[in-house]
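# Structure at a glance
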Amino acid sequence: MQLKLANQILSHARSSGWQDGHHLTEDSLQPMLGASRTPIRAAMAYLASAGVLERRPNKGFFLKDLSVRKEPSEGEAPAGEDESATYLAIAMDRLNHRLPDVVSENELIRRYDLSRARLRHILARMASEGWVERRQGRGWEFQPLIDTLDAYRENYRFRQMMEPTAMRSPEFAPDMVRLRSLRDQQTFVFEEGYERLGQIELFEINSSFHEGIAAMSGNRFFVQTLARLNQLRRLMEYGRPLDRERARRVCLEHLGIIELLMAGDKVGAADRMQLHLTDAALEKAPMMSGLQSS
């Protein structure tokens, strides 16, 4: 869990455009990580030992150097550019049916030229995202995903009903702290991040926005359902062409929704979310036209 949280902190720091000297606190990271103080503190201590963060006495942790790469020891393998490339290669091979439903670690080690420690770190990441599970015997089993055009369209139809409904519910309460954090992240991507962030990071930022808004509904089922849908469509999103200008337009739409919520206009924000999801479905479906219908 410590490694998973450390990688999430690194990804969030890169996608939010944090500069050296940025102050990281447990309170500010809790809403984003969904974890308690103790494991977050352990993850920050780990990043400090790796040279990414600096621990200042009586002041806490500060960003030191995001470019630092720690060499993996026998039992661990922090994420880096090579690991992300391998992760994406496995994702694409699975999406294109080049990998069977069940695979062994030895098969993956040979196919992708990996150490066992690094492979297990990648598999742990995939398992935490819900698209592979360790079998009780030996090997790993890929889980069912949204991998047809019909399923992809159905996913968007359901979200068009669910997300605006969550925002219109009486229990929906805008969280200003979370909204400011989402606004800062979306602003960074709109201004410069869209030019250099990868497909995976942009997907995570998009998912964080929608899940963050859903969390304000106060309804655990809205949040859990949306998180699961995001897990199921993950590989489909990785497989479509990366349109950086479109990523920038999406951020602008997200910022418009945030602005309405911060102004107290829940109905207007819900209407804008409905339009946003409808436009996304119409625009993205043709990009998936190479996929089979169910």
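Everything that follows concerns the structure shown earlier in this document.
The present account deals with the structure reproduced in this document. (Residues numbered from 1 in each chain as written. Predicted model: local features only at pLDDT ≥ 70, side-chain atom pairs only at ≥ 80, totals over all residues. Heavy atoms only, no water.)

## Looking at the pattern of salt bridges
Pairing between side chains of opposite charge can happen when the charged atoms of each approach one another. Rules: We define a salt bridge as a contact between a side-chain nitrogen of Lys or Arg and a carboxyl oxygen of Asp or Glu at a distance within 4 Å. Only runs of H or I of at least four residues qualify as helices and only runs of E of at least two qualify as strands under DSSP, and these elements are numbered from the N terminus.
Across all of its chains, the model carries 15 salt bridges by this definition. Between Arg-116 and Glu-105 there is a salt bridge; the shortest N-O distance is 3.0 Å. Placement of the pair is Arg-116 in helix H6 (residues 116-129) and Glu-105 in helix H5 (residues 105-112), with a sequence separation of 11 residues. Of the charged contacts in the structure, one is a salt bridge between Glu-283 and Arg-249, with a shortest N-O distance of 2.6 Å. With a gap of 34 residues between them, Glu-283 in helix H12 (residues 266-284) and Arg-249 in helix H11 (residues 244-262) connect regions that are remote in the sequence. If you follow the salt bridges from partner to partner, you end up with Glu-105, Arg-116, Arg-120 and Arg-134 in one network.

## A closer look at the sheet that holds strand E2 (residues 53-56)
To summarise the sheet geometry, strands pair through backbone hydrogen bonds and adopt either a parallel or an antiparallel arrangement. What counts, and what does not: DSSP-based pairing: two strands are paired if at least 2 bridges between them are found. Two residues qualify as a contact provided that any one of their heavy atoms is within 4.5 Å of a heavy atom in the partner residue. Interaxial angle, 0 to 180 degrees, is taken between N-to-C directions of lines fitted to C-alpha atoms, where a helix line uses only the stretch in contact.
Pairing in this open sheet of three strands is antiparallel, and the strands run E1-E3-E2 from one edge to the other. Strands with a single pairing partner mark the edges of an open sheet, and in this sheet they are strand E1 (23-24) and E2. Summarising the sheet, E2 and strand E3 (residues 60-63) pair through four bridges and their orientation is antiparallel. Its bridge partner being in E3, Leu-53 is matched across the sheet by Leu-63. Its contacts with the sheet place helix H3 (residues 37-49) against E1, E2 and E3, and it is angled at close to 110° to E2.

## As for the packing of aromatic side chains
Worth spelling out the cut-off: Put simply, two rings from Phe, Tyr or Trp (the six-membered ring, in Trp's case) pair if the centres are within 6.5 Å, and we call them stacked under 30 degrees between planes, edge-to-face over 60, tilted for the rest. Accessibility here uses a 1.4 Å probe with only protein chains present; expressed as a share of the type maximum, an area under 20% marks a residue as buried, one over 50% as exposed, and anything in between as partly exposed.
Scanning the entire structure with this criterion turns up five aromatic pairs. Measuring from centroid to centroid gives 6.1 Å for Trp-131 and Phe-142, while their planes differ by 20°, and the two rings are stacked. Here Trp-131, found in the loop between H6 and strand E5 (132-134), pairs with Phe-142, found in strand E6 (residues 140-142); they are 11 residues apart in sequence, far enough to count as distant. Considered together, Trp-131 and Phe-142 belong to a single accessibility category, that of buried residues. For the ring pair Phe-203 and Tyr-238, a centre distance of 5.8 Å and an interplane angle of 80° mean the geometry is edge-to-face. Taken together, the positions of Phe-203 in helix H9 (residues 199-215) and Tyr-238 in helix H10 (residues 220-239) put the pair 35 residues apart, joining distant regions of the chain. Taken together, the aromatic side chains of Tyr-87, Trp-131, Phe-142, Phe-203 and Tyr-238 make up a single cluster linked through ring pairs.

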